[in-house]
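So the chains spell out like this:
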Amino acid sequence: MELISHQGNKNPITSTQLTPPSPSRYENQKRRDWNTFCQYLRNHRPPLSLPSCSGAHVLEFLRYLDQFGKTKVHHQNCAFFGLPNPPAPCPCPLRQAWGSLDALIGRLRAAYEENGGPPEANPFGSRAVRLYLREVRDFQAKARGVSYEKKRKRVNRQKTQTLSQTQPPLPLQQPQPQQGQSVMANYSGAIV
């Protein structure tokens, strides 16, 4: 009968404490944004609970944040309206940039659902919030002379040459102008 001795074991089992990975920058920012919004609800007069929060309250929050903005947004009557790099200072207000607001809403929308909010009642995804963000984007684009138009995707030349060799080109049909109208007045399609 053989006895096995454990005294000579050079690899003792050690208990290592596994530390969870530190949260990402996105997760940290989302947590801070969520805490800021919850603080805003607590300070609201009268105080609001999360279930009673609506898209209108989110819009109030976004307008409140404008006072901390760092982006110059020119009024329509400002001499620098539409100029991307104004040559001199002006009294126009600083606002939150559209990109910052859009990213903030995305983080808050995710945080709402992670904190038990039902997706169908998410105030950060309401139609009013989406319309507000679109209006802010369009106005800031005009005021600052910045274009937010989508860029066309580049098409691989080999694919287009191969397709053009295998398929005969279709004849283009020009819209016929009605009496007293130009060709462009009839065209209502969007360029993709």
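Residues numbered from 1 in each chain as written. Predicted model: local features only at pLDDT ≥ 70, side-chain atom pairs only at ≥ 80, totals over all residues. Heavy atoms only, no water.

Enquirer: Tell me about the packing of aromatic side chains, and please be specific about residues and values.
Expert: As enumerated under the stated definition, the model contains 11 aromatic pairs in all. Residues Y64 and F68 carry aromatic rings whose centres are separated by 5.5 Å and whose planes lie at 80 degrees to one another, so their mutual orientation is edge-to-face. According to the relative accessible area criterion, Y64 is partly exposed, its value standing at 35%. Centroid distance Y112 to F124: 6.2 Å. Interplanar angle 70 degrees. Geometry classified as edge-to-face. Remark: F124 occurs in the loop between α3 (98-114) and α4 (127-144) and Y112 occurs in helix α3; sequence separation between them is 12 residues. In this pair, the class of Y112 matches that of F124, namely buried. Members of the aromatic cluster, each reached through a chain of ring pairs, are W34, F37, Y40, F61, Y64, F68, Y112 and F124. The ring of W98 has R137 sitting right over it, with the charged end atom 5.9 Å from the ring centre. (Phe/Tyr/Trp six-rings, centres within 6.5 Å; stacked < 30°, edge-to-face > 60°. Buried < 20%, exposed > 50% of the residue type's maximum accessible area, 1.4 Å probe, protein only. Helix = DSSP H or I, 4+ residues; strand = E, 2+ residues; numbered from the N terminus. Lys NZ or Arg CZ within 6 Å of the ring centre and 35° of its normal.)

Enquirer: Help me get a handle on the nonpolar core, residues and values and all.
Expert: W34, F37, V58, L62 and F124 are the most contacted members of the largest nonpolar core, which totals 24 residues. Of all the secondary-structure elements, those providing two or more residues to this core are α1 (25-43), α2 (55-65), α3 and α4. The greatest single-element share of this core, amounting to seven residues, is contributed by α3. Among residues more than four places away in sequence, those in contact with F124 are W34, F37, V58, I105, L108, R109, Y112 and V129. (Core = buried A, V, L, I, M, F, W, Y, C linked by side-chain atoms within 4.5 Å. Contact = heavy atoms within 4.5 Å.)

Enquirer: Describe unusual backbone geometry, with residues and values.
Expert: At the junction of R45 and P46, the peptide bond is cis and its omega measures out at -5 degrees in the coordinates. Mapped onto the elements, P46 comes out in the loop between α1 and α2.

Enquirer: How would you explain the packing of α1 against α3 if you had to name every residue and give the values?
Expert: Between α1 and α3, whose axes approach to 9 Å, the crossing angle comes to 80 degrees. Here α1 lies roughly perpendicular to α3, going by the angle between them. In this structure, α1 uses Y26, Q29, K30, D33, W34 and F37 to contact α3, whose residues at the interface are L104, G106, R107, L108, A110, A111, Y112 and E114. Here the residues of the contact of α1 with α3 sort into eight nonpolar, two polar and four charged. (Axes fitted to C-alpha atoms, helices over the stretch in contact; angles between N-to-C directions. Parallel < 35°, antiparallel > 145°, perpendicular 65-115°, else oblique. Nonpolar A, V, L, I, M, F, W, Y, C, P; charged D, E, K, R; others polar.)

Enquirer: Describe the side chain of D66, and please don't skip the residues or the numbers.
Expert: Inspection of the secondary structure assignment puts D66 in the loop between α2 and β1 (71-72). Although D66 lies buried, it forms no salt bridge, and the closest oppositely charged side chain, R95, sits 4.0 Å away as judged by the N-O distance. Not counting residues within four places of it along the chain, the set of residues in contact with D66 comprises L94, R95, Q96 and Y132. (Lys, Arg positive; Asp, Glu negative; His and termini not counted. Salt bridge = Lys/Arg side-chain N within 4 Å of Asp/Glu carboxyl O.)

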